[in-house]
Amino acid sequence: MTSVPPAAASAPVRGAAAELDYRPSYLAAALAGLAVLLLYLVTLAPSTSMWDTSEYIAAAYVLGLPHPPGNPLFVLIGRVFSILPIAPTVAMRINVLAALSSAASAAMWFLVTERVLVGWFSRRWMRIAGGALAALVGATAFTVWNQSVVNEKVYTVSLVGLAVICWLTVRWCDDPEGPVADRLLVLVAYLLGLGYANHMAGMLAAPAVGFAVLVRRWETVLRWKLLLACVAALVLGMTPFATQPIRAAHFPAINEGEPTGCATEIKADCTFSTLTYDRFMYNFNRGQYGKPELGERQAPFTAQVGMYWLYFRWQWLRDAYGERPGLQNGLAVLYLLLCLLGGYMHFRKDRRSFWFFGPLVFTMTFALIYYLNFKYGHSQAPDLGDSVDREVRDRDYFYLWSFSALSVWAALGFVALWESVASFFGSDDVRLGKTVVSEPRPRSFALASPLLLVACIPLLGNWEQASRANQTDTADFARDLLNSVEPYGILITVGDNDTFPLWYAQEVEGIRRDVTVANTSLLNTDWYTRQLIRRPPQPYDSAAGPAIYRGRRWPMPSGSPVRLSFAEADAIPLVAQTPPNAEFRQDSLVAVPRNPQLMRADQLVYQMIRDAFPGRPIYFSRTAGGYPYELGLERYVVTQGMAKKLFPTPQAPGGDVILVPGEGLVDLKRSHELWSTVFTATKSLAARKGWVDDASVGIPDLYVISGLTLAEGLAQTGRTAQSDTVFRQARAVAKAMRRERVFGFDRMQALPGVPSDSAGTALPLAPPPGGR
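Structure report, in brief. (Residues numbered from 1 in each chain as written. Predicted model: local features only at pLDDT ≥ 70, side-chain atom pairs only at ≥ 80, totals over all residues. Heavy atoms only, no water.)

Broken down by element type, the chain carries 33 helices and 13 strands. The C-alpha atoms of the chain give 29 Å as radius of gyration, which agrees with the globular expectation for 772 residues (28 Å, within 12%). Across its three principal axes, the chain shows a C-alpha extent of roughly 95 × 75 × 50 Å. Per-residue burial for the chain yields a buried fraction of 58% across its 772 residues. A separation threshold of at least 6 residues defines the contact pool for the chain, and within that pool the share at least 24 residues apart is 73%. (Helix = DSSP H or I, 4+ residues; strand = E, 2+ residues; numbered from the N terminus. Rg over C-alpha atoms; globule rule 2.2 N^0.38 Å. Buried < 20%, exposed > 50% of the residue type's maximum accessible area, 1.4 Å probe, protein only. Contact = heavy atoms within 4.5 Å.)

Laid out in structure tokens, this is it:
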């Protein structure tokens, strides 16, 4: 097709719209968004998931504060969705919020793409087809899809804000001197501020908006009244942050950062205080994370771009198990070329909107890569192993906005190829505004349409990896871990995936609220210790608890597990040198710390043993690995299910307690009762079709290890039938995770611990380092 003359390309949209009879296809965009929503609902998670999902669902439900900066807009919206009768569970309702947000974003990309095609095609159905391609490609990119079927955090809400800003800015670029132009800019400024109250990515579009204003109508920056209105709108949009000191002073169950100077109740004098301001700003600026300056690169910039390329490859075919690397690489190159072609065609066909969208793409790719300053990705460059610092998980979700918005250029690239191929089957001269252009006939487009099937590859190739339908294993794991703890126990955890699911189980589903969860990472902060001191004991519901704890009286404790004042707790140093010959004594318990330094968390664990033990049982989650040994407690802990119970006297093998190399002492009776009558994740994990996220695969691995440990112990004590059952269940989990070879099941010919002439290599009790 011949190009639109430059004069037409630069004409105001009011004239162009009249010439081309352009009206946005809002109905078609809504239908595209509805189709995307249906796709997400079919593949929606019915419950929570790993990482921040549980934290944010629970925080929204209790109207609390998730980790800094607290994301107040999401909490407010999430709370509303949590009480709407749109799904049977709280988790599903908030997951619907993620699905709805991404579906609305797809509708926005439809409109943007259609608008770019106005100066390209005279037939409206062609423009609608291009918009539909953008919606399809953007919605089925792996990270977008995977994040849209479970509300892991706030990214999809940020995405819809970004997409709406894009559409409004494109409309402003069409007519920067029009009657609604100023109002559009004020609305964009408000949405930027509102988006920032959800996540810092809410400001991603700001540089591109500013660039578009300078290019399309630079005089705008000289209009001080308009600038003041935009600043006021921006500040107004950020006002959800004002809810944080107020809500924090009501001390909700999840109150991370605790940005208030009030200690026991909300009052005016402590709310409007210097301490509240300091704590709020520390929270707002994410001070506890200690991010380095941008000039201090955590990895070479080329490696950071390489991380982006790795995640870009995932979008079009998430080959989690390395089964189709050639196809994945080929699709990535194809989609990269399509995006580049689409960007070029955007520049040629509609420079009005390009001066906004082009800088936006740059901001969300190279500028964002530089700003985020990540270490090497968890799955990046595996040949480098541990010789480089790595992120604790893959960070593809931080580029969700990029992968979603690039669907516009990918769709334009598809349309350019479609038109080129269709032209071989015949074209006609048609009028486009005041210009006559050569355009393929409808029949020609129909003959060339099989080319567009390539756009369906992410839909088909990513379905199994992106879908979270029927996945309940994270909530089941939380239930299993909590139920491994006796009533009123204190459970020491160490990370996100052994803590956040427990918060969800306790605060949303009301499971085992009597258990006090103490996370060592958070114990290194002052605010978390104050919350432990403030937290009252919760009653144990015997009827809802495991049957193995019935038939015995469990007295409810009084007071905090840490009997310190706030001032005493705040005075504990972050790091203390371990004195020579130091030991911790609590009656007959004598522990010698192994590390030359004691972190604040270590000191507080000792404090809890001193203040609450043995009146309250203390357990260490098995996800903590050798942490109790680092504290010198190896002679006092015995594995029971998914946790290690602390005893007041040294323990030794005997009766149902056996010594398992690599694991330590194991209580066979209690562990088997938990495995066979209480645990539920063994079934839900065995029903999975793989585990895509390598960084969290340690959770299902723990079930395999626990099953093998238990099976070996049962076999050694002559209970071969029970051992065989547990062994098969553990193997079923490993098979569902596609990790049979990791654990050596492919080499095992007999149950562990059972003599056999044909016995193969012994099964390891832990997978080798390096994940897959």
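Time to look at the pairing of strand β11 (residues 643–646). Side-chain alternation along β11 places Ala643 and Lys645 on one buried face and Lys644 and Leu646 on a second face that is also buried. Where strand β9 (residues 618–621) lies against β11, three bridges are found, and the strand directions are antiparallel. What sits directly across from serine 621, in β11, is alanine 643. Across four bridges, the pairing between strand β10 (residues 637–640) and β11 is antiparallel. (Pairing = 2+ DSSP bridges.)

The next point concerns the state of the cysteines. Per the stated rule, a full pass over the model turns up one disulfide. A disulfide bridge connects cysteine 262 with cysteine 270, and the sulfur atoms are separated by 2.0 Å. Around the S-S axis, the bridge from cysteine 262 to cysteine 270 shows a dihedral of about 90° and counts as right-handed. Just as cysteine 262 is buried, cysteine 270 falls in that class too. There is no disulfide at cysteine 230, and the cysteine sulfur nearest it, in cysteine 173, is 14 Å away. Of the cysteine sulfurs around cysteine 339, a residue in no disulfide, the closest is that of cysteine 166, at 15 Å. Residue cysteine 339 is classed as buried on the basis of its relative accessible area of 5%. (Disulfide = S-S within 2.5 Å.)

Along the chain, leucine 133 falls in helix α7 (residues 124–140). A relative accessible area of 7% means that leucine 133 is categorised as buried. Along the sequence, leucine 133 and serine 444 sit 311 residues apart, while their C-alpha atoms lie 18 Å from each other. Setting aside residues up to four positions removed in sequence, leucine 133 forms contacts with Ala411, Phe414, Val415, Leu452 and Ala455.

Bringing the packing of aromatic side chains into the picture now. Applying the stated criterion across every chain, the model contains 46 aromatic pairs. With 6.3 Å between their ring centres and 75° between their planes, tryptophan 125 and tryptophan 418 make a pair best called edge-to-face. Highlighted residues: tryptophan 125 in helix α7 and tryptophan 418 in helix α19 (residues 400–422), separated in sequence by 293 residues. Residue classification places tryptophan 418 among the buried residues on the basis of a relative accessible area of 5%. Summarising the aromatic geometry, the rings of phenylalanine 354 and tryptophan 409 are spaced 6.2 Å apart at their centres and angled 10° between planes, so their arrangement reads as stacked. Here the residue phenylalanine 354 occupies a position in helix α18 (residues 351–372), and tryptophan 409 occupies one in helix α19, the gap between them amounting to 55 residues. You'll find phenylalanine 354 and tryptophan 409 in the same group, each marked buried. The ring centre of phenylalanine 251 lies 4.0 Å from the NZ or CZ of arginine 534, which sits over that ring. (Phe/Tyr/Trp six-rings, centres within 6.5 Å; stacked < 30°, edge-to-face > 60°. Lys NZ or Arg CZ within 6 Å of the ring centre and 35° of its normal.)

This part is about the nonpolar core. Counting 114 residues, the largest nonpolar core has Trp109, Phe356, Phe357, Tyr399 and Trp401 as its most contacted members. A per-element tally of this core places α19 first, with 15 residues. In this structure tryptophan 109 touches Ala134, Leu159, Ala163, Cys166, Phe357, Ser404, Ala405, Ser407 and Val408, once residues within four positions along its chain are discounted. Counting residues in hydrophobic clusters, the runner-up holds 108 residues, among them Val75, Val485, Leu631 and Val666. (Core = buried A, V, L, I, M, F, W, Y, C linked by side-chain atoms within 4.5 Å.)

As a further point, take the side chain of serine 706. Along the chain, serine 706 falls in helix α32 (residues 698–716). A distance of 2.6 Å separates a polar atom in the side chain of serine 706 from a polar atom in the side chain of arginine 622. Among all residues touching serine 706, those that are not within four sequence positions of it are Arg622, Gly641, Met642 and Trp675. (Polar contact = N/O pair within 3.5 Å; in protein donor to acceptor, adjacent residues only side chain to side chain.)

As for its placement among the helices and strands, aspartate 498 is situated in the loop between β3 (490–493) and α24 (500–507). It is arginine 622 that comes nearest to the buried, bridge-free aspartate 498 among opposite-charge side chains, at 11 Å. Engagement of the side chain of aspartate 498 in a polar contact is seen with the backbone nitrogen of valine 494, the distance being 3.0 Å. Sequence-distant contacts of aspartate 498, defined by excluding residues within four places in its chain, comprise Phe477, Leu481, Thr493, Asn519, Ser621 and Thr623. (Lys, Arg positive; Asp, Glu negative; His and termini not counted. Salt bridge = Lys/Arg side-chain N within 4 Å of Asp/Glu carboxyl O.)

Our next topic: the packing of helix α9 (residues 155–174) against α19. Where α9 contacts α19, the two axes come as close as 10 Å, and the packing angle between them is 40°. Comparing the axis directions of α9 and α19 gives the class oblique. Read as a crossing pair, α9 and α19 show a hand that is right-handed. Contact residues: Tyr155, Ser158, Leu159 and Leu162 in α9; Leu400, Trp401 and Ser404 in α19. Of the residues contributing to the contact of α9 with α19, the split by class is five nonpolar, two polar and no charged. (Axes fitted to C-alpha atoms, helices over the stretch in contact; angles between N-to-C directions. Parallel < 35°, antiparallel > 145°, perpendicular 65-115°, else oblique. Left-handed = near helix turned anticlockwise from the far one by under 90°. Nonpolar A, V, L, I, M, F, W, Y, C, P; charged D, E, K, R; others polar.)

Interaxial distance between helix α23 (residues 473–483) and α24 falls to 8 Å at its minimum, and their mutual angle equals 85°. In terms of orientation, α23 lies roughly perpendicular with respect to α24. Across the interface between the two elements, Thr474, Ala475, Ala478, Leu481 and Leu482 of α23 pack against Pro501, Leu502, Tyr504, Ala505 and Gln506 of α24. Residues that form the contact of α23 with α24 fall into these classes: eight nonpolar, two polar and no charged.

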